[in-house]
Amino acid sequence: VLKALTNGTVTVLATANDTSSIAGSLVITLSNQPPPDSTAPAFNEGYPEVDNIAQQTARLVVQLNEPGTVYFAVQESVSPVPAIDDLLVGNAIGIPDSDTDFSVSLTGLIPSTGYKAYFIAKDERGNIQSAITTIEFTTLAVPDVTAPLFILGYPSVSDITVSGFTLNISLD
């Protein structure tokens, strides 16, 4: 009788002799290995994220609970959501270690524009998340560095008295 196996392999050799002295043997190998991984990777709490957002750049940061690959796409907010299969043939971030930040910098973005970043993860055994994770962000506006101009006819002075006057100003 064999008791419960721990992880590993046990080999049992059984030998039998019958009344005519014919001997035979049988080798039985029992293995108690953990079942194969069938669970998709998960993003750790707070991930993915978009940071360092500027006028034309941003940074995507991801972290998984196991090694794998994160596939992503960044599109203007008005664009349709990509299909999972489309994400899986696009941009990728390799995640060799769990619980560690990995990032990619985005360039060439348009100032003052809304974007959506779409993410899906796949582990080393091929398990894929069942849903896309989406994060929305907006790039910063280009600062206004143009000096204001007076509207035609301004500045002007009115209501002049001994003790004061009114200065009228109108800017573009």
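Residue numbers restart at each chain and count upward from 1, following the sequence in its written direction. Only residues with pLDDT of at least 70 are given local features in this predicted model, and only at 80 or more are side-chain atom pairs given and counted; all residues enter the totals for whole chains, interfaces and linings. Computation of side-chain values: all heavy atoms of the structure, hydrogens and water removed.

A. Structural context of the pairing of strand β8 (residues 114-123). Burial status follows relative accessibility: with a 1.4 Å probe on protein chains alone, a residue under 20% of its type maximum counts as buried, one over 50% as exposed, and anything between as partly exposed. Helix and strand definitions follow DSSP, with helices as H or I runs of at least four residues and strands as E runs of at least two, each counted in order from the N terminus. Burial runs high along β8: seven of the 10 residues are buried. In terms of strand pairing, strand β5 (residues 68-76) meets β8 through nine bridges, oriented antiparallel. Across the sheet, the residue bridging to Val74 is Ala117, located in β8. Summarising the sheet, β8 and strand β9 (residues 133-138) pair through six bridges and their orientation is antiparallel. Looking at β9, one finds that Lys116 is bridged to Glu136. When DSSP locates at least two bridges between a pair of strands, those strands are taken to pair.

B. Just the packing of aromatic side chains, in detail. Classification of ring pairs uses Phe, Tyr and Trp, with its six-membered ring standing for Trp, and accepts pairs whose centres are within 6.5 Å; under 30 degrees between planes counts as stacked, over 60 as edge-to-face, and the remaining range as tilted. Taken as a whole and assessed by the stated rule, the structure comprises two aromatic pairs. An angle of 80° between the planes, with centres 6.3 Å apart, marks the rings of Phe43 and Phe119 as edge-to-face. One end of the pair, Phe43, is in the loop between β2 (23-32) and β3 (49-51); the other, Phe119, is in strand β8, with 76 residues separating them in the sequence.

C. Geometry of the sheet that holds strand β4 (residues 58-62). Spatially, the three strands line up as an open sheet ordered β3-β4-β7, and their pairing is antiparallel. Single-partner strands in this sheet number two, and they are β3 and β7 (102-106). With direction set aside, neighbouring strand axes in the sheet form an average angle of 25°. Note on geometry: axes are C-alpha line fits, over the in-contact stretch for helices, and angles between N-to-C directions span 0 to 180 degrees.

D. Representation of the sheet that holds β9. If you walk across this open sheet you meet the four strands as β6-β5-β8-β9, and the pairing is antiparallel. The two strands at the open ends of the sheet, each matched to only one other strand, are β6 (91-95) and β9. When strand polarity is set aside, the average angle formed by the axes of neighbouring strands in this sheet is 25°. Sheet topology places β5 next to β6; five bridges connect them, and they run antiparallel. Counted as the bridge partner of Phe72 is Asn91 from β6.

Don't take any of this as a statement about function, it's just geometry.
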